[in-house]
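The residues making up each chain are set out below.
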Amino acid sequence: MTFTEIANGVYVLRQPLFDVNATVVTGAEAVIVVDSLSTARQATELLAAVRQVSAEPLVLVNTHHHFDHTFGNATLTAASPGAAIWAHGAVADVLRQHPDRVRREAYDECVLTHPELADEVLEVTVAPPDRLVQTVAVLDIGGRTVTLRHLGRGHTDGDLVARVDDTGTIVAGDLVEQGAPPSFDDAYPLDWPETLAALIADADPDAAVVPGHGAVVDLAFVRDQHTELTDLAWLIREGHLDGAPAEAVAAKAAFGPQRSLVAVRRGYAELAGLS
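As recorded by an unreviewed UniProt entry, the protein chain carries the name MBL fold metallo-hydrolase and is attributed to Luedemannella helvata.

So, in C-alpha cells, the structure goes:
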C-alpha cells in the first residue's frame, strides 16, 4: 500500500487489491477516515497508517455500501470506541438489514477476482453507519471542516461526496473512477451524469479529486468522465425509444461491452419504472 499526503493534512492510502482508496483528514480534535477497505486485516493496516499522522479519535465516513469501502468499519470503531460512522441512509439500510447478503456478494466477487480475500470477507463483522446524511452534513474536527453531500444517485443510490473545505479536496467515492471503467452493477446510469455535474459545480477549479479507485485526479478528468457518462445516458434513452436490444446499444458505449451492457440494462429498467 502507498500512503501519500495530497494536501495539508489530507492523506490517501491506496490499497492495491481492487486499487481502492481510503482518505484520511486530520484535525486538532479528530481524524476522519473516508472508506475503510475490504477486510479486518486491511483495516488494521489502514489504522497503522492513520496513527503515523494522528493520535486523535476516529470519525468514519462511508461513500457507499460496497464491501471494499465498508468492511473495515468494525475494526476501526473497535480501535476508537465511540467513533461515529457517517453515510447516506441507503447505506445504513443495506448494511443493517442485509449483512449476510452483502457478505455473500463480497465473497462471490472475491472468488472471481481476488480469491485470497474470499474467506476473510465472510468473517467480517458488518458495522452499519450510525450517523445519517440525507442531503448535507458538516463535520468539525477541530480547526477544519469536512462537508458531506449526497448529490443524487449515480454509482449507487447512496453515494456520498466529502469536501475538505480548507483545501478544496474532493473525495468522490466511486462516482469517479480512474484506471478502470465505472462499475454499473448497482448504478443509475441515467442519473449519474447529473450527480457528477453537481460535484463539478461545487468543486474549486484546481481541486484534487480522490476517486474510489485509482490515482488522484483533477477536475478535467472528472469532466471527461462526465462527458462519457452523458453520452452513455443518451445512448440508453435513444436505444430504449427505438426498441433496440441492450447488446446493440452497449456495443456503441465507451466503457467496454460487459460493463456497458450492465449499464444499458440498468438504464432500460429505470426507463421502464422498475428501479
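So, next bit.
A. Region of interest: a negative patch on the surface. A surface patch of like charges, here negative, comprises Asp 218, Asp 224, Glu 228 and Asp 231. Mapping Asp 218 onto the fold places it in the loop between strand 12 (209-213) and helix 8 (219-242). Looking at Asp 218, the relative accessible area reads 43%, which means it is partly exposed.

B. Broad picture of the nonpolar core. In terms of nonpolar packing, the biggest core is built from 34 residues, with Leu 46, Leu 58, Phe 71 and Leu 76 touching the most fellow members. Here this core takes 5 residues from helix 1 (residues 40-53), the largest share from any one element. The residues contacting Phe 71, other than those within four sequence positions of it, are Ser 36, Leu 37, Ser 38, Thr 39, Val 102, Arg 103, Ala 106, Val 121, Val 124 and Val 126.

C. Region of interest: the packing of helix 8 against helix 10 (residues 257-271). Running from N to C, helix 8 and helix 10 point in directions that differ by 60°, and their axes come no closer than 9 Å. The angle between helix 8 and helix 10 places the two elements in the oblique class. Classified by chirality, the crossing of helix 10 by helix 8 is right-handed. The segment helix 8 lies against helix 10, with Leu 232, Ile 236, Arg 237, Gly 239 and His 240 engaging Ala 263, Val 264, Gly 267, Tyr 268 and Leu 271. When the residues that make up the contact of helix 8 with helix 10 are grouped by side-chain class, the tally is 6 nonpolar, 3 polar and 1 charged.

Conventions we followed
- Residues numbered from 1 in each chain as written.
- Predicted model: local features only at pLDDT ≥ 70, side-chain atom pairs only at ≥ 80, totals over all residues.
- Heavy atoms only, no water.
- Patch = residues over 30% accessible without salt bridge, like charges linked within 9 Å, V, L, I, M, F, W, Y side chains within 5 Å.
- Areas by Shrake-Rupley, 256 points an atom, 1.4 Å probe, with all protein chains shown as cover.
- Salt bridge = Lys/Arg side-chain N within 4 Å of Asp/Glu carboxyl O.
- Lys, Arg positive; Asp, Glu negative; His and termini not counted.
- Charge placed at Lys NZ, Arg CZ, Asp CG, Glu CD.
- Helix = DSSP H or I, 4+ residues; strand = E, 2+ residues; numbered from the N terminus.
- Buried < 20%, exposed > 50% of the residue type's maximum accessible area, 1.4 Å probe, protein only.
- Core = buried A, V, L, I, M, F, W, Y, C linked by side-chain atoms within 4.5 Å.
- Contact = heavy atoms within 4.5 Å.
- Axes fitted to C-alpha atoms, helices over the stretch in contact; angles between N-to-C directions.
- Parallel < 35°, antiparallel > 145°, perpendicular 65-115°, else oblique.
- Left-handed = near helix turned anticlockwise from the far one by under 90°.
- Nonpolar A, V, L, I, M, F, W, Y, C, P; charged D, E, K, R; others polar.

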